[in-house]
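What follows is each chain in one-letter form.
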Amino acid sequence: MAKQLDYHTIREIFTRFQAAEAEPKGELEHVNVYTLVVAVALSAQATDAGVNKATRALFKIADTPQKMLDLGLEGLTEHIKTIGLYRQKAKNVIKLSQILVDDYNGEVPNSRAALQSLPGVGRKTANVVLNMWWGQPAQAVDTHIFRFGNRSGVAVGKDVNAVERAIEDHVPADFQLHAHHWMILHGRYVCVARKPKCTACLVRDLCLYEDKNL
């Protein structure tokens, strides 16, 4: 674990990320906020590419909570069986769809607490939805962000909650909205777990990681 970087270095890192890609986007395909919730819930311990492959046909026929309930558990399970933990995830999607119909008039609520009350929706999922759909600077920390944050010194913490707080505390406000997308994409494609691609890294001169792959 590196030491926490100072303000000016972090500002320079995110200035470079912004210059390279001003409007980073999440890679999960969705057609509305409900399908975004479903896609993010399905993505736990699965790749975005794998989820997208399964949901393309699904979201053409079930893009609202009621349509998902009409499809039913068996129909949903058939669509997502290529995704890890698909049986439990299918049950959660049906349950959360029922709650949205019964308690929220078929609409997705937009507070973290209300989102987290839905089956299969944890803090990370809630933060992704708040950030991507409602433009709230919520930081969804996954394995890629956790790795990059700790390696580089951008956001140091022993667990995902600590790294989330570190991003909120140390990343300048004007970069908060897109911070988690810049970090996740950098962790997914450059600062990878094995043999990080340090020669291709925009911020290697600012990063505190000692075992650089140069």
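Predicted model, so just to flag it, every value in this text is computed and none were measured. (Residues numbered from 1 in each chain as written. Predicted model: local features only at pLDDT ≥ 70, side-chain atom pairs only at ≥ 80, totals over all residues. Heavy atoms only, no water.)

Peer 1: Quick one: what's the story with the packing of helix H3 (residues 48-61) against helix H4 (residues 65-80), residue by residue and with numbers?
Peer 2: Contact geometry for H3 and H4: axes closest at 11 Å, N-to-C directions at 160 degrees. Overall, the two elements H3 and H4 adopt an arrangement that is roughly antiparallel. The chirality of how H3 crosses H4 is right-handed. Residue-level contacts link Ala54, Ala57, Leu58 and Ile61 of H3 to Lys67, Met68, Leu71, Leu76, His79 and Ile80 of H4. Residue composition of the contact of H3 with H4, by class: 8 nonpolar, 1 polar and 1 charged. (Axes fitted to C-alpha atoms, helices over the stretch in contact; angles between N-to-C directions. Helix = DSSP H or I, 4+ residues; strand = E, 2+ residues; numbered from the N terminus. Parallel < 35°, antiparallel > 145°, perpendicular 65-115°, else oblique. Left-handed = near helix turned anticlockwise from the far one by under 90°. Contact = heavy atoms within 4.5 Å. Nonpolar A, V, L, I, M, F, W, Y, C, P; charged D, E, K, R; others polar.)

Peer 1: An account of the packing of aromatic side chains is needed here, citing residue identities and associated values.
Peer 2: Aromatic rings in a pair are described by how distant their centres are and how their planes are angled relative to each other. Using the criterion set out here, one finds 5 aromatic pairs in the structure. Each ring, one from Phe175 and one from Trp182, has its centre 6.1 Å from the other, and the planes form 70 degrees; the classification is edge-to-face. For the pair Phe175 and Trp182, one class covers both residues: buried. Put simply, the rings of Phe14, Phe17, Phe148, Phe175 and Trp182 touch in pairs and so form one group of aromatic residues. The residue whose ring lies beneath Arg151 is Tyr209, and the NZ or CZ to ring-centre distance is 4.7 Å. (Phe/Tyr/Trp six-rings, centres within 6.5 Å; stacked < 30°, edge-to-face > 60°. Buried < 20%, exposed > 50% of the residue type's maximum accessible area, 1.4 Å probe, protein only. Lys NZ or Arg CZ within 6 Å of the ring centre and 35° of its normal.)

Peer 1: Describe the UniProt feature "domain: HhH-GPD" (unreviewed entry) in the protein chain, naming the residues involved and giving the relevant values.
Peer 2: Residues annotated by UniProt as "domain: HhH-GPD" (unreviewed entry) correspond here to residues 42-189. Regarding residues 42-189, the helix share stands at 68% and the strand share at 0%, and the terminal C-alpha atoms are separated by 21 Å. (UniProt positions renumbered as here; feature names shortened; annotations may be inferred.)

Peer 1: Would you mind going over the nonpolar core in detail, with residue names and values included?
Peer 2: One finds Tyr34, Met68, Leu76 and Leu115 to be the most contacted residues of the largest nonpolar core, which totals 34 residues. The element that contributes the greatest number of residues to this core is helix H2 (residues 33-42), accounting for 8 residues. Discounting chain neighbours no more than four positions away, the residues touching Met68 are Tyr34, Val38, Leu58, Ala62, Leu76, Val93, Ile94 and Ser97. Val171, Phe175, Trp182 and Val190 belong to the second-largest nonpolar core, a separate cluster that totals 25 residues. (Core = buried A, V, L, I, M, F, W, Y, C linked by side-chain atoms within 4.5 Å.)

Peer 1: So what's going on with the domain arrangement of the protein chain? Residues and values would help.
Peer 2: What the domain assignment lists for the protein chain is domain 1 (7-24 + 138-206) and domain 2 (33-134). The centre of domain 1, based on its C-alpha atoms, is set 27 Å off from the matching centre of domain 2. With both chains or domains summed, domain 1 and domain 2 bury close to 760 Å², and 49% of this area falls on carbon and sulfur atoms. Per-residue buried area on domain 1 facing domain 2 is highest for Ala138, Ala140 and Glu164; these three make up 47% of the total on that side. At the boundary of domain 1 and domain 2, one finds 2 salt bridges. Two residues, Arg188 and Asp48, come together in a salt bridge whose shortest N-O distance is 3.2 Å. (Domains from an automatic or database assignment. Buried area = accessible area lost by both parts, 1.4 Å probe. Salt bridge = Lys/Arg side-chain N within 4 Å of Asp/Glu carboxyl O.)

Peer 1: Summarise the side chain of Thr35; cite the residues concerned and give the values.
Peer 2: Looking at where Thr35 falls in the secondary structure, it is placed in helix H2. Residues within four places of Thr35 in sequence aside, it is in contact with His30, Phe59, Ala62 and Asp63.

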